[in-house]
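Chain by chain, the residues run as shown.
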Amino acid sequence: MKPDVIVLRFGELTLKGKNRHRFEKTIFDQVVRVMQPFPTVSLSKEYGRVYLRLNGEPYAAIADRLKKVLGLSSFSPAYTAPLDVDSIRTAAVQAVQSAQTAPHTFKVSVRRVNKSFPHDSQEMNQLVGGHVLRAIPGLKVDVSRPDIEVKIELREERALIFSQVVEGAGGFPLGSNGKAMLMLSGGIDSPVAGFLAMRQGVQLEAVHFHSYPYTSERSQQKVKDLLAKLTPYAGDIKLHMVPFTGVQTKIHQAYRDNLLITLLRRAMFRITEKLAEAHNASAIVTGESLGQVASQTLSSMNVIGRAVELPVLQPLICMEKQQIIRIAESIDTFKISILPHEDCCTLFLPPSPSTNPNLRVVEKIERSMDWLDEELNEAVRQTESLWIKAEGEQLFTNFF
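Only a predicted model underlies this, so the values are computations on that prediction, with no experimental measurement involved.

Caption draft 1: Structural detail: the packing of helix H9 (residues 260-278) against helix H10 (residues 298-305). Following both chains from N to C, one finds H9 and H10 inclined at 45°, their axes separated by 9 Å at the closest point. Compared by their axis directions, H9 and H10 come out oblique. Regarding H9 and H10, the two cross each other, and that crossing is right-handed. For the pair formed by H9 and H10, the contact residues are Thr262, Arg265, Arg266 and Phe269 on the first element and Val303, Ile304 and Gly305 on the second. Looking at the contact of H9 with H10 residue by residue, the class counts come to three nonpolar, two polar and two charged.

If you want it as structure tokens, here you go:
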């Protein structure tokens, strides 16, 4: 028996307070977006839930898409039945028999939303449970830890019967907590940081720094491929490709000692802030994990972060590398991230980069570079902006 309805549940946080209706609308819009390949699916809303009537569309393909809707806590494939006891009993037996692994124990849980239904929840538990026991030999009741729980909702016009609860992406609805710029490298960390920021309701645009011709076009394609892995959660994402060669070369010519990485990272932050201001973003998201490299000590992050006034969000800051890798594998970015393509951060590395930079010294060096602001502005002017489409298609849009 194939399910004909999917019951969607929103996270508890989205149902609290005055923002509930806005959060619900945001999730509903995301469900509509991911259902576009399935034109016959219909949606209806009730308090705290959305119902999808499949109308013959494939459940498995739809479930794969629903797992990527941020703010959706869980969903259940369900069977519908008329509001009569015999029909509900038959559907309950089918729900047990359709389980992937044959259960040895079960329980029935009835929720009577329709108060005009002639039997209350306790009576229906007994009427349906007894029928299931008689219909499936060897099955036993276990109300504490059953192998399968058959849930029945008696609604106004129909009964819903389901036994499977599929975990969703959870978090907050996409965009419900504003927009930020993700500094996206070709490594493992920054795509994971972007995903975690999106899961907290942050809409993202991405910024990537490349140093062509020192870095190849393949490294740029790698970043586009990484971002494409995030589009199932977010839809189309704008990517800003910043030519960093001029800034990087001039800074290296003016200064080659142990503060070089600090100076380059501050320049990147300042460019990202300019792009954020131009595109109405309220924060910068980065993939720093405390202590992982020289630029990610507390002292280094303090000095680098002082280059900008916008908040810097660092979702990975206290995570271990294996935790980050597990998330990267779950969102399918890990295999792309470990491809051996160079990025601009690997160029011109000093032998011993500073792990404890002094802010006043760094700012004094920057003041001696009277050309720096103009170089940063020029990099912004030469930035190319393009859309990474939700199905992986890349569409060039404009120069900034």
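Caption draft 2: Structural detail: the packing of aromatic side chains. Summed over all chains, the structure comprises two aromatic pairs. Here the aromatic rings of Phe209 and Phe244 are separated by 5.3 Å at their centres, their planes lie at 75°, and the arrangement is edge-to-face. Taken together, the residues span a long stretch of sequence, with Phe209 in strand E11 (residues 203-210) and Phe244 in the loop between strand E12 (237-243) and helix H8 (245-254) at a distance of 35 residues. Comparing Phe209 with Phe244 shows no difference in burial state: the two are buried.

Caption draft 3: Quick peek at the nonpolar core. Of all hydrophobic cores here, the largest spans 36 residues; its most connected members are Val192, Met198, Leu204, Leu227 and Leu239. If you list the elements that add at least two residues to this core, you get strand E10 (179-183), helix H5 (189-199), E11, helix H6 (217-228), helix H7 (231-234), E12, helix H11 (321-330) and strand E15 (384-388). The biggest single contributor to this core is H5, with six residues. With near-sequence residues (within four places) excluded, Met198 lies in contact with Leu70, Phe172, Leu174, Leu204, Leu230, Tyr233 and Ala234. Among the nonpolar cores identified, the runner-up in size contains 34 residues, and Phe244, Tyr255, Ile271 and Ala379 belong to it.

Caption draft 4: Broad picture of the pattern of salt bridges. Overall, the coordinates contain 14 salt bridges when judged by the stated rule. The salt bridge involving Lys229 is made with Asp332; its shortest N-O contact spans 2.7 Å. In this pair, Lys229 sits in the loop between H6 and H7 while Asp332 sits in the loop between H11 and helix H12 (334-337), placing the two residues 103 residues apart along the sequence. Take Lys229: its relative accessible area is 28%, and that puts it in the partly exposed class. For Asp332, a relative accessible area of 40% puts it in the partly exposed group. Taking the shortest distance from any N to any O, the salt bridge between Arg381 and Glu378 comes out at 2.8 Å. Taken together, the positions of Arg381 and Glu378, both in helix H14 (residues 372-381) and three residues apart, correspond to about one turn of that helix.

Caption draft 5: Local environment of a nonpolar patch on the surface. Taken together, Leu133, Val141 and Val143 make up a surface patch of nonpolar side chains, about 250 Å² in accessible area. Position of Val143 relative to the elements: it lies in the loop between strand E6 (140-141) and strand E7 (148-154).

Caption draft 6: Seen up close, the side chain of Ser289. Inspection of the secondary structure puts Ser289 in the loop between strand E13 (284-285) and H10. For Ser289, a relative accessible area of 3% puts it in the buried group. Setting aside chain neighbours within four positions, we find Ser289 in contact with Gln296, Leu316, Ile317, Met319 and Ile324.

Quick notes on the rules
Residues numbered from 1 in each chain as written. Predicted model: local features only at pLDDT ≥ 70, side-chain atom pairs only at ≥ 80, totals over all residues. Heavy atoms only, no water. Axes fitted to C-alpha atoms, helices over the stretch in contact; angles between N-to-C directions. Helix = DSSP H or I, 4+ residues; strand = E, 2+ residues; numbered from the N terminus. Parallel < 35°, antiparallel > 145°, perpendicular 65-115°, else oblique. Left-handed = near helix turned anticlockwise from the far one by under 90°. Contact = heavy atoms within 4.5 Å. Nonpolar A, V, L, I, M, F, W, Y, C, P; charged D, E, K, R; others polar. Phe/Tyr/Trp six-rings, centres within 6.5 Å; stacked < 30°, edge-to-face > 60°. Buried < 20%, exposed > 50% of the residue type's maximum accessible area, 1.4 Å probe, protein only. Core = buried A, V, L, I, M, F, W, Y, C linked by side-chain atoms within 4.5 Å. Salt bridge = Lys/Arg side-chain N within 4 Å of Asp/Glu carboxyl O. Patch = residues over 30% accessible without salt bridge, like charges linked within 9 Å, V, L, I, M, F, W, Y side chains within 5 Å. Areas by Shrake-Rupley, 256 points an atom, 1.4 Å probe, with all protein chains shown as cover.

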